[in-house]
Amino acid sequence: LAASLQLFGDDAFYRWDSMHLAWSYSDLPPLTAFFIHLGTAVAGDSVLAVRTLFLLSGLALPAAIYFLAQPVAGRERALCSAGLSLLLPATATIGVMAVPDALLLTQCTLMLGCLERATRSSGPAWWLATGVIGCLGFLTHYRFLFLPLPLGLAFLLYPALRAHLARPGPWIALGLTLRRLVPSLLFNLGNDFEAVGFHFSRRHPWAFHSEGLNYPLQQAAAVSPVLYGFMIGALVFSMRKALRGDPLHAMLSSVSLFYMLGLSLLAPWVDQTSTTIHWAWFGYVPMLVVLPEVLAALWARGRWWRGIVAGGLALAAVFVAASLALMLACLHVDSLPPWLQARVSVIMVGWDALREEVARHYRPGEHLYS
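Residues numbered from 1 in each chain as written. Predicted model: local features only at pLDDT ≥ 70, side-chain atom pairs only at ≥ 80, totals over all residues. Heavy atoms only, no water.

(A) Focus on the overall build of the protein. Helices and strands together make up the secondary structure of the protein, namely 20 helices and 0 strands. Looking at the 370 residues of the protein, the share that counts as buried comes to 45%. Contacts spanning at least 24 positions in sequence make up 73% of the contacts within the protein whose residues lie at least 6 apart. A total of about 18200 Å² of accessible surface is found on the protein, and carbon and sulfur atoms cover 68% of it. (Helix = DSSP H or I, 4+ residues; strand = E, 2+ residues; numbered from the N terminus. Buried < 20%, exposed > 50% of the residue type's maximum accessible area, 1.4 Å probe, protein only. Contact = heavy atoms within 4.5 Å. Areas by Shrake-Rupley, 256 points an atom, 1.4 Å probe, with all protein chains shown as cover.)

(B) Broad picture of the packing of aromatic side chains. Taken as a whole and assessed by the stated rule, the structure comprises 10 aromatic pairs. With 5.1 Å between their ring centres and 75° between their planes, F138 and F144 make a pair best called edge-to-face. On the basis of relative accessible area, F138 is assigned to the buried category, the value being 4%. Relative to F282, the ring of Y259 lies with its centre 5.7 Å away and its plane at 70°, an arrangement referred to as edge-to-face. Residue Y259 is located in helix 15 (residues 247-266), and its partner F282 is located in the loop between helix 16 (272-275) and helix 17 (284-299); the two are separated by 23 residues in the primary sequence. Under the relative-accessibility criterion, Y259 is labelled buried at 4%. (Phe/Tyr/Trp six-rings, centres within 6.5 Å; stacked < 30°, edge-to-face > 60°.)

(C) Local environment of the environment of S46. Position of S46 relative to the elements: it lies in the loop between helix 2 (31-43) and helix 3 (47-73). By relative accessible area, which is 30% here, S46 ends up partly exposed.

(D) Spotlight on helix 3. If you check helix 3, its first and last C-alpha atoms are 39 Å apart, about what 27 residues at 1.5 Å a residue would give, namely 39 Å. A bend of about 40° at L53 is the largest found in helix 3. In this fold, the buried residues of helix 3 make contact with helix 1 (9-18), helix 2, helix 4 (75-84), helix 5 (89-92), helix 6 (100-118) and helix 17. Remark: G74 follows helix 3 within two positions and exhibits a positive phi of approximately 95°. (Expected span 1.5 Å × (residues − 1). Bend = angle between axes of the 7 residues up to and from the residue.)

(E) How the structure looks around the nonpolar core. Counting residues in hydrophobic clusters, the biggest one holds 81 residues, and the most contacted among them are L147, M231, F282, Y284, M287 and L291. Apart from residues no more than four positions distant in its own chain, L147 is found in contact with C108, M111, V255, Y259 and F282. (Core = buried A, V, L, I, M, F, W, Y, C linked by side-chain atoms within 4.5 Å.)

(F) A look at empty space enclosed by the protein. Summed over all chains, the structure comprises 2 cavities of 30 Å³ or more. The volume enclosed by the largest cavity comes to roughly 110 Å³. Around the largest cavity, the lining residues are D101, L104, L105, C108, R143, F144, Y259, H278, W279, W281 and F282. When residues of the lining of the largest cavity are assigned to their parent elements, the largest contribution, 4 residues, is made by helix 6. Residues of the lining of the largest cavity, tallied by class, amount to 8 nonpolar, 1 polar and 2 charged. (1 Å grid on protein atoms, 1.4 Å probe; cavity = no way out; pocket = protein on both sides within 12 Å on 5 of 7 lines; lining within 4 Å. Points joined across faces, edges and corners; volume = space filled by probe spheres on them. Nonpolar A, V, L, I, M, F, W, Y, C, P; charged D, E, K, R; others polar.)

(G) Just unusual backbone geometry, in detail. Look at S224: it is not a glycine, yet its phi comes out positive at around 100°. Relative to the elements of secondary structure, S224 occurs in the loop between helix 13 (215-223) and helix 14 (225-243).

(H) Spotlight on the pattern of salt bridges. Taken as a whole and assessed by the stated rule, the structure comprises 6 salt bridges. Measuring nitrogen to oxygen at the nearest pair gives 2.9 Å for the salt bridge that ties R51 to D11. Residue R51 is located in helix 3, and its partner D11 is located in helix 1; the two are separated by 40 residues in the primary sequence. Like R51, the residue D11 is buried in the burial classification. Where E357 meets R360, a salt bridge forms, and the shortest distance between an N and an O atom there is 2.8 Å. (Salt bridge = Lys/Arg side-chain N within 4 Å of Asp/Glu carboxyl O.)

(I) Representation of the packing of helix 1 against helix 2 within the structure. Between helix 1 and helix 2, the shortest axis-to-axis distance is 8 Å and the interhelical angle comes to 80°. The orientation of helix 1 with respect to helix 2, classified from their angle, is roughly perpendicular. For the pair formed by helix 1 and helix 2, the contact residues are Y14, R15, D17 and S18 on the first element and T32, A33, I36, H37 and T40 on the second. Classifying every residue of the contact of helix 1 with helix 2 gives 3 nonpolar, 4 polar and 2 charged. (Axes fitted to C-alpha atoms, helices over the stretch in contact; angles between N-to-C directions. Parallel < 35°, antiparallel > 145°, perpendicular 65-115°, else oblique.)

(J) Inspection of a nonpolar patch on the surface at higher detail. A contiguous nonpolar patch, built from V182, L185, L186, L189 and F193 and spanning about 480 Å² of accessible area, is present on the exposed surface. The topology assignment puts L189 in helix 11 (residues 182-190). (Patch = residues over 30% accessible without salt bridge, like charges linked within 9 Å, V, L, I, M, F, W, Y side chains within 5 Å.)

(K) How the structure looks around the side chain of S85. Mapped onto the elements, S85 comes out in the loop between helix 4 and helix 5. If we ignore the near neighbours within four places in the chain, the residues touching S85 are P62, I65, T91, A92 and L288.

(L) Inspection of the packing of helix 3 against helix 4 at higher detail. Where helix 3 contacts helix 4, the axes come no closer than 8 Å and their chain directions differ by 150°. Taken as axis vectors, helix 3 and helix 4 run roughly antiparallel relative to one another. The hand of the helix 3/helix 4 crossing is right-handed. Touching P62, I65, Y66, A69, Q70 and A73 of helix 3 are R75, R77, A78, L79, S81 and A82, all from helix 4. Here the contact of helix 3 with helix 4 is built from residues that sort into 8 nonpolar, 2 polar and 2 charged. (Left-handed = near helix turned anticlockwise from the far one by under 90°.)

(M) Spotlight on the environment of C108. Tracing the chain through its elements places C108 in helix 6. Given a relative accessible area of 3%, C108 falls into the buried group. Between the C-alpha atoms of C108 and F146, which are 38 residues apart in sequence, the distance is 9.8 Å. Residues contacting C108, with those up to four places away along its chain left out, are F144, L147 and F282.

Pasting the structure below:
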């Protein structure tokens, strides 16, 4: 799919950015453009080359989830967590397109895994690793801020985590993370805060619109309804452990609660086309750590619950297959029946025809926009 699907709007926009390398851009920090530039420099000017490093990042996500879960849940359940990530359309298909989310999901997972280890170690190594990955996150997207915010709140509220603030480790990690905001800050200072204005002002109406109330339903449809219910159950389970003073679950549940509930409360005031699905995706990753334990407890309740668990996971697999089928349909949209053509996204269709039409009106040596 990554090699065959034509570039869609964001792919093409970031590819254009990559041809003009800079320390920041009007809507993004530099890493997305740098990764595309590196991919095309090594593998040539092709659709797959544009997406190569994003595809590799997406393929690495199950391993990153295993890295996060293994010291917490043990080897077997960590493998289950990694496997369950293939039943979420968001995590199973990430990396097909050259968009920042492919990098953000893996970066956030690795940072959370390093932070969990840092809170259990006496040396600075894992704090340094946390800071380095935080650097990469802020070089990828401003939305990376959604991870440090709930984690910072957890560190302030939970005594076992707050004790770490008296040591240099967290401050080293925070310093390394924030210094990578410098390129974006310099860009905004030199361009009338263009990027900040885009993300926090012009992009969103900041006025109530009722369609935003459908955000939880859209998330349930994207995840698959039963698996979404399991995720909520895992969040409740994790929050109970956090309230009993478990520092690990304090971190996991605070992150998931921010993404799953906080963004649902914000949705009626922001731009739906930008936040409908992908903003909440990382909220499910911490719950993948908890989910095997929750599903095992449900399975042990008896035959009916076993049927619900098995049916829910099977339905999730159908949703992933349907997501892949819709992408595949874009490759053969002209041969689909009319009723199905209307239901297939056209954002990755028709660029070849557009290029041919533009070429008919374009003379060598003439500026394309003249």
